[in-house]
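Geometric and topological summary
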Number of protein chains: 2
Amino acid sequence: MKIAVDAMGGDFGPRVTVAGALQAAEDFRVEVLLVGVEELIKKEFDRSPRPHARVTIVDAPEAIGMGEGIFSFRKKARSSILVGAQLLKEGAADAFVSNGNTAAVVYISRRVLGAMEGVNKPALALLVSSLQGLTLLIDVGANANCRPQDLEQFAVMGRAFMESALGLADPRIGLMSIGEEDGKGNDLTKEAFRLLETAPIRFIGNIEGKDLFSGKADVIVSDGFTGNVALKVSEGVVETLLSMGRHEITKNLLAKVGFFLMKRNLKKIYRKLDYSEYGGALLLGLKGGCIIGHGRSNPNAVRNAVRLARDFVANRVQDRIRTEIGRARQATGGI
Amino acid sequence: MKIAVDAMGGDFGPRVTVAGALQAAEDFRVEVLLVGVEELIKKEFDRSPRPHARVTIVDAPEAIGMGEGIFSFRKKARSSILVGAQLLKEGAADAFVSNGNTAAVVYISRRVLGAMEGVNKPALALLVSSLQGLTLLIDVGANANCRPQDLEQFAVMGRAFMESALGLADPRIGLMSIGEEDGKGNDLTKEAFRLLETAPIRFIGNIEGKDLFSGKADVIVSDGFTGNVALKVSEGVVETLLSMGRHEITKNLLAKVGFFLMKRNLKKIYRKLDYSEYGGALLLGLKGGCIIGHGRSNPNAVRNAVRLARDFVANRVQDRIRTEIGRARQATGGI
């Protein structure tokens, strides 16, 4: 199995991605294609004590910055993201991992690979850790504008992923809305609710924002705008709490001692909410498996993203999505 | 000044609302009209050591349950929420406070009072505590479907409230979106962005979900669906953290000691995120001032809601909203 890894991605570039990729190649016994500026990658090889027998460099002289907009990155013909997506298209790689500019990975991989047959809109799905296990939130930002039938497809793709990659039989699908009653929501969710009720899935109804981390649903379906806001708000709350905490604890000695004693446990909690632990977001519904890691990723997060890519390929998630989308289209007369 | 208080609202009904209202009447020297089932309110009077010279009971024999849907509460002709809104309409009260069923308060007060002249959609606004002060999020759930010009009006109303009630000169207005760049967002926010740029306000551009509590903006404008999801997600994260925390700390003695020492500080942080501290949400743009407290309110939260109502009336927030909406309509040729 060959996993292409974007070496230029993330806030720290090759320093972090190469270390993570080398670790992954060793730990998971996969072949890694490191895509990026060759000399920079080689420099990182020199720094690392790990073997790199299973690692190959694929030169891509351009990098896309984390803050670059679509008008800028469309022009780059040899960016690491573009070259990585092309490796996937040509069959030279089985999956592509990038912790680069999310908008760029979504745009480029969509353009290079295209949508799977029958899929209206490939979507960005994210595994978050809940009180009870893992919940998949889909879409978290690939599609800011959605139609009700897009949300139905997100449900089907999310279900296929949870069943095949995580081995979760008949996952509970919830619809992100405001209020749990059937009639609550906006025009989009009300119509999507009607579609989800008749789709060949285990639909459990509306889910409120407060249940994003409660484990009430295994898959939470949302348009990409709402999903992205939900995700960013939860990151913001954790950051605010930590920031307030740091401010409060410097005020007196007892709190300092308390913080010191609780630190290990606080870190454990924080890690539970930190999605880089599970490797990152997945682009579902493309002709090829793409994993997008968090920009702030450390080497361990890059390693975990490669593990997720390996599981994605080994469990034939793509085949399952194709089958289930086909099945759903037949059941509903084409969605 | 007379403030009508819904005695039947909240998860705990008169036991909490009456105690909070008596405290508020004493602390803020306002007259309070307690609206609800007379005998139940009187029973609470007997329990309380506080004087109730400034408190009058207005009998309303029906109560609307926290979980009741619109089809059920539309039929109740003498509910405490309906009677409270009518007191406001008749001029017998200057503001109305309820910590009851939010959907019911929004629906009934809109129907009884109607929108202020020039206002398309009255909106639910909430003060949240940020790292730097208070931020107003508008709309948090009154309007699940919005047009771009509605968002523009929310900005104008939010600005009027922050200036008049909080004395904040020329507050910074942000638009809740995905990504800070101007071009990011969905169809609704992209068009709203264009309108906000030319409106007579200090528009600072897109705000991401992570900045809800960072204090980057004084007013954050959003459609009611997104605003409600954002709010519920942040509640959910805090609850999940506390729940994970409790689980973790029972695991070993050192963590227990640590938790004990940090407890006071944790509570302080939690209170900062607890919006009942600031009295609740405001319905802006109605012909009358309505404050909706959190259903889980304790007596102190009810007291703070009455304080917010007093400030609302004393600072002539209604007049300011009317003036600013008029000014904005003139500036843009009618929004």
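Residues numbered from 1 in each chain as written. Chains lettered and ligands numbered in written order. Predicted model: local features only at pLDDT ≥ 70, side-chain atom pairs only at ≥ 80, totals over all residues.

Details of the overall build of chain A
On a plain count of helices and strands, chain A comes out with eleven helices and eleven strands. The burial tally for chain A puts 56% of its 335 residues in the buried class. In chain A, the share of contacts with a sequence separation of at least 24, taken over all contacts with a separation of at least 6, comes to 72%. (Helix = DSSP H or I, 4+ residues; strand = E, 2+ residues; numbered from the N terminus. Buried ≥ 20, exposed ≤ 12 C-beta atoms within 10 Å, placed from the backbone. Contact = placed C-beta atoms within 7 Å.)

Details of helix α1 (residues 14-28) of chain A
All names here are of chain A. With 15 residues, α1 ought to run about 21 Å at 1.5 Å a step, and its terminal C-alpha atoms sit 20 Å apart, in line with that. Among the residues of α1, Pro14, Val16, Thr17, Val18, Ala19, Gly20, Ala21, Leu22, Ala24 and Ala25 are the ones counted as buried. The first or second residue beyond α1 is Arg29, which carries a positive phi of 50°. (Expected span 1.5 Å × (residues − 1).)

Thoughts on the sheet that holds strand β10 (residues 281-284) of chain B
All names here are of chain B. If you walk across this open sheet you meet the eleven strands as β3-β2-β1-β4-β11-β10-β5-β6-β9-β7-β8, and the pairing is mixed. Edge positions in the open sheet fall to β3 (55-59) and β8 (202-207), since each of these has one partner strand only. Each strand axis lies, on average, 25° off the axis of its neighbour in the sheet, ignoring direction. Sheet analysis places strand β4 (residues 95-98) next to strand β11 (residues 289-292), joined by four bridges and oriented parallel. Following the sheet pairing, Phe96 is matched in β11 by Cys290. Helix α1 (residues 14-28) rests against β1 (2-6), β2 (31-36) and β3 of the sheet, and its axis sits at about 170° to β2. (Pairing = 2+ DSSP bridges. Axes fitted to C-alpha atoms, helices over the stretch in contact; angles between N-to-C directions.)

Notes on helix α6 (residues 148-166) of chain A
All names here are of chain A. When the terminal C-alpha atoms of α6 are compared, their 26 Å separation across 19 residues agrees well with the 27 Å that a helix rising 1.5 Å per residue should span. Most of α6 sits inside the fold, with 15 of its 19 residues counted as buried. Taken from the residues just after α6, Gly167 is the one with a positive phi, measuring 65°.

Points about the packing of α1 of chain B against helix α2 (residues 38-47) of chain B
Residues and elements named next belong to chain B. Remark: α1 packs on α2, axes separated minimally by 9 Å, with the N-to-C direction vectors making an angle of 60°. Judged by the inter-axis angle, α1 sits oblique to α2. By crossing handedness, the relation of α1 to α2 is classed as right-handed. Along its contact with α1, which presents Pro14, Arg15, Val18 and Ala19, the element α2 presents Leu40, Ile41 and Glu44. (Parallel < 35°, antiparallel > 145°, perpendicular 65-115°, else oblique. Left-handed = near helix turned anticlockwise from the far one by under 90°.)

With respect to the pairing of β8 of chain B
Residues and elements named next belong to chain B. As paired elements, strand β7 (residues 172-176) and β8 share five bridges and run parallel to each other. Across the sheet, the residue bridging to Met176 is Ile207, located in β8. After leaving β7, the chain enters helix α7 (residues 187-198) and then returns to the sheet as β8, a path that is right-handed. (Right-handed = clockwise from strand over helix to strand, strands pointing away.)

Looking at the sheet that holds strand β5 (residues 123-129) of chain A
Residue and element names in this part refer to chain A. As summarised here, the arrangement of the eleven strands in space is β3-β2-β1-β4-β11-β10-β5-β6-β9-β7-β8, forming an open sheet in which the pairing is mixed. Both outer strands of the open sheet, β3 (55-59) and β8 (202-207), are each paired with one neighbouring strand and no more. Each strand axis lies, on average, 25° off the axis of its neighbour in the sheet, ignoring direction. Sheet topology note: the strand β6 (residues 134-138)/strand β9 (residues 219-221) ladder contains three bridges and is parallel.

Considerations on the domain arrangement of chain A
All names here are of chain A. For chain A, the domain assignment lists domain 1 (1-115 + 285-310) and domain 2 (120-281). Between domain 1 and domain 2, the residue contacts involve 17 residues of the former and 13 residues of the latter. Secondary structure elements with two or more residues in the side of domain 1 that touches domain 2: α5 (102-113), β11 (289-292) and α10 (299-314). Of all the elements, α10 adds the most residues to the side of domain 1 that touches domain 2, at five residues. Looking at side-chain class alone, the side of domain 1 that touches domain 2 contains eight nonpolar, seven polar and two charged residues. (Domains from an automatic or database assignment. Nonpolar A, V, L, I, M, F, W, Y, C, P; charged D, E, K, R; others polar.)

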